[in-house]
Amino acid sequence: MADGYDLDFLPTRVALPAPAQDSTELTYPRFTVLLDPARRLAAVTGVNIDGALLRELPRTGEWRLDPRVEADRQTGADVYARNDLDRGHLVRRRDPGWGEVDDARAATEATFFYPNAAPQAAGFNQSKELWLGLEDHVIEYAESTDQRLSVFTAPVLGDQDPAYRGIRVPLRFWKIAAWQGADGLAAAGFVLDQTELVDARDGRFAVPPLGAFRTFQAPIAEIARITGVDVGPLADADVLPRRSARPLGWRPLTSASDIVV
């Protein structure tokens, strides 16, 4: 459909992180999805964002299967019907929507292919709002340089994810944002945990009333460990250990002011 994620988008070359398992590469305008056909979900997504050229476009596009992949290798509409699951964009609708209007619109509409979705618990709270706004926060920080980001997002495809309607619902998601800082490549890693909101017992899905999303800034090396994804130079570019004289673990986030960049 398009040339996909550009590994030379930043001044420092950043290859698309590589999952350990076999995956199907699907390219879209300005982003790429590496689809795990066994789990029927993305193992990695990567998008290029030009913050200086981002456009505010009306929401257009409808969720649909990607015709390049067999339907039974994708998580389609049947998984999301009549339950408390949302189709969670991995590459956000807005992120590839920059540049000329027609190009931006085509890119945002391409984010509605099902390989770019993963099941997330419905409802909204402060932690989920923070997760959805992480790119915006890092873009604002990066404006002091060249206003470009490469962002990688996917579910953590864990063995303990609960089975539901022929798939396993991921309990956690990861995100790594990379940009060119004053001293070279810089990156920050994040994890969203929806364990408290996932209840798939008895073949049903329901959101427990007292559950909550939890959002963390996590060492990129730790994200690589829990996902089995090769993150290349991103672990060494992690800003989290650079900002402290001692090792930092997972940092719970309650607002954007908690983020270390």
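In short, a report on the structure.

Cut-off values and rules
- Residues numbered from 1 in each chain as written.
- Predicted model: local features only at pLDDT ≥ 70, side-chain atom pairs only at ≥ 80, totals over all residues.
- Heavy atoms only, no water.
- Helix = DSSP H or I, 4+ residues; strand = E, 2+ residues; numbered from the N terminus.
- Rg over C-alpha atoms; globule rule 2.2 N^0.38 Å.
- Contact = heavy atoms within 4.5 Å.
- Areas by Shrake-Rupley, 256 points an atom, 1.4 Å probe, with all protein chains shown as cover.
- Buried < 20%, exposed > 50% of the residue type's maximum accessible area, 1.4 Å probe, protein only.
- Arc of directions from axis to C-beta.
- Salt bridge = Lys/Arg side-chain N within 4 Å of Asp/Glu carboxyl O.

The next point concerns the overall build of the chain. Helices and strands together make up the secondary structure of the chain, namely six helices and 12 strands. The C-alpha radius of gyration computed for the chain amounts to 17 Å, which stays within 12% of the reference 18 Å derived for 261 residues, consistent with globular compactness. Dimensions of the chain along its principal axes, counting C-alpha atoms only, are 50 × 45 × 35 Å. Long-range pairs, those at least 24 residues apart, make up 70% of the contacts in the chain between residues at least 6 apart in sequence. Of the accessible surface of the chain, which amounts to about 11,500 Å², a share of 47% is contributed by carbon and sulfur atoms.

So, on to helix α4 (residues 134-142). Buried residues of α4: L134, E135, V138, I139 and A142, and no others. Taken around the axis of α4, the buried residues stretch over an arc of 130°, which confines them to a single face.

For the rest of this paragraph, the subject is the pattern of salt bridges. Summed over all chains, the structure comprises 13 salt bridges. Ionic pairing is found between E135 and R92, a salt bridge with its closest N-O pair at 3.5 Å. Placement of E135 in helix α4 and of R92 in the loop between β4 (85-89) and α2 (101-110) is noted, with a sequence separation of 43 residues between them. When salt bridges with common partners are traced through the structure, they connect E56, R92, R94, D95, E135, D136 and K175 into a single cluster.

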